[in-house]
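# Structure at a glance
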Amino acid sequence: MAENSILSRLDGLKLKYEEIGQQMTDPEFFSDVKKFVAKKKE
């Protein structure tokens, strides 16, 4: 049961990583400094 929980969490982290990577390819993303700094910390 705990294994499913870990795998589920890893899947969520992978999706978040891919989402942030996609956002960083958008030039408008860098125009909002606060948003960029917050995402960079993630």
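Each chain carries its own residue numbering, running from 1 in the written order of its sequence. Note on the predicted model: pLDDT of at least 70 is required for a residue's local features to be given, and 80 or more for side-chain atom pairs to be given and counted; whole-chain, interface and lining totals, by contrast, use all residues. The side-chain values count all of the structure's non-hydrogen atoms but skip hydrogen atoms and water molecules.

### A few points about the overall build of the chain
Just so we agree on the cut-off: Secondary structure elements are taken from DSSP: a helix is a run of H or I of four residues or more, a strand is a run of E of two residues or more, and numbering for both begins at the N terminus. For every residue, the accessible area (1.4 Å probe, protein chains only) is compared with the maximum for its type, and the residue is labelled buried under 20%, exposed over 50%, or partly exposed between those bounds. Residue-level accessible areas treat just the shown protein chains as cover; the underlying method is Shrake-Rupley with a 1.4 Å probe. Under the counting rule used here, the positive set is Lys and Arg, the negative set is Asp and Glu, and His together with the chain ends is not counted. The atom standing in for a charge is NZ when the residue is Lys, CZ when it is Arg, CG when it is Asp and CD when it is Glu.
Looking only at helices and strands, the chain has three helices and zero strands in total. Listing the helices and strands of the chain from first to last along the sequence gives α-α-α. Expressed as a percentage of its 42 residues, the buried residues of the chain come to 7%. As displayed, the chain offers around 4,000 Å² of accessible surface, 59% of which is attributable to carbon and sulfur atoms. Counting 8 positive and 8 negative side-chain charges, the chain places the averaged centre of each group 8 Å from the other.

### Quick look at the environment of Thr25
Convention followed: Polar contacts here mean pairs of N or O atoms no more than 3.5 Å apart (in protein, one a potential hydrogen donor and the other a potential acceptor; neighbouring residues in sequence count only if both atoms are side-chain atoms).
Inspection of the secondary structure puts Thr25 in the loop between α1 (2–23) and α2 (27–31). For Thr25, a relative accessible area of 59% corresponds to the exposed category. A polar atom in the side chain of Thr25 sits 2.6 Å from the backbone oxygen of Gln22.

### Quick look at the pattern of salt bridges
Two side chains that carry opposite charge are able to pair once their charged atoms sit near each other. Condition: In what follows, salt bridge is the name for a side-chain nitrogen of Lys or Arg lying within 4 Å of a carboxyl oxygen of Asp or Glu.
For the coordinates displayed, the defined rule picks out one salt bridge. In this structure, Glu19 and Lys16 form a salt bridge, with 3.9 Å as the shortest nitrogen-oxygen distance. Of the two residues, Glu19 and Lys16 are both situated in helix α1; the distance of three residues between them amounts to about one turn of the helix.

### Some details on the confidence of the model for the chain
One rule of thumb: low pLDDT means the predicted coordinates there are not for detailed reading. What counts here: Values of pLDDT, the confidence the predictor places in each residue, fall between 0 and 100.
Scored by pLDDT, the chain comes out at a mean of 84, with 98% of its residues at no less than 70. When mean pLDDT is compared element by element in the chain, α1 scores highest at 90, while helix α3 (residues 33–41) scores lowest at 79.

### Structural notes on the environment of Lys41
By the element assignment, Lys41 lies in helix α3. Looking at Lys41, the relative accessible area reads 71%, which means it is exposed.

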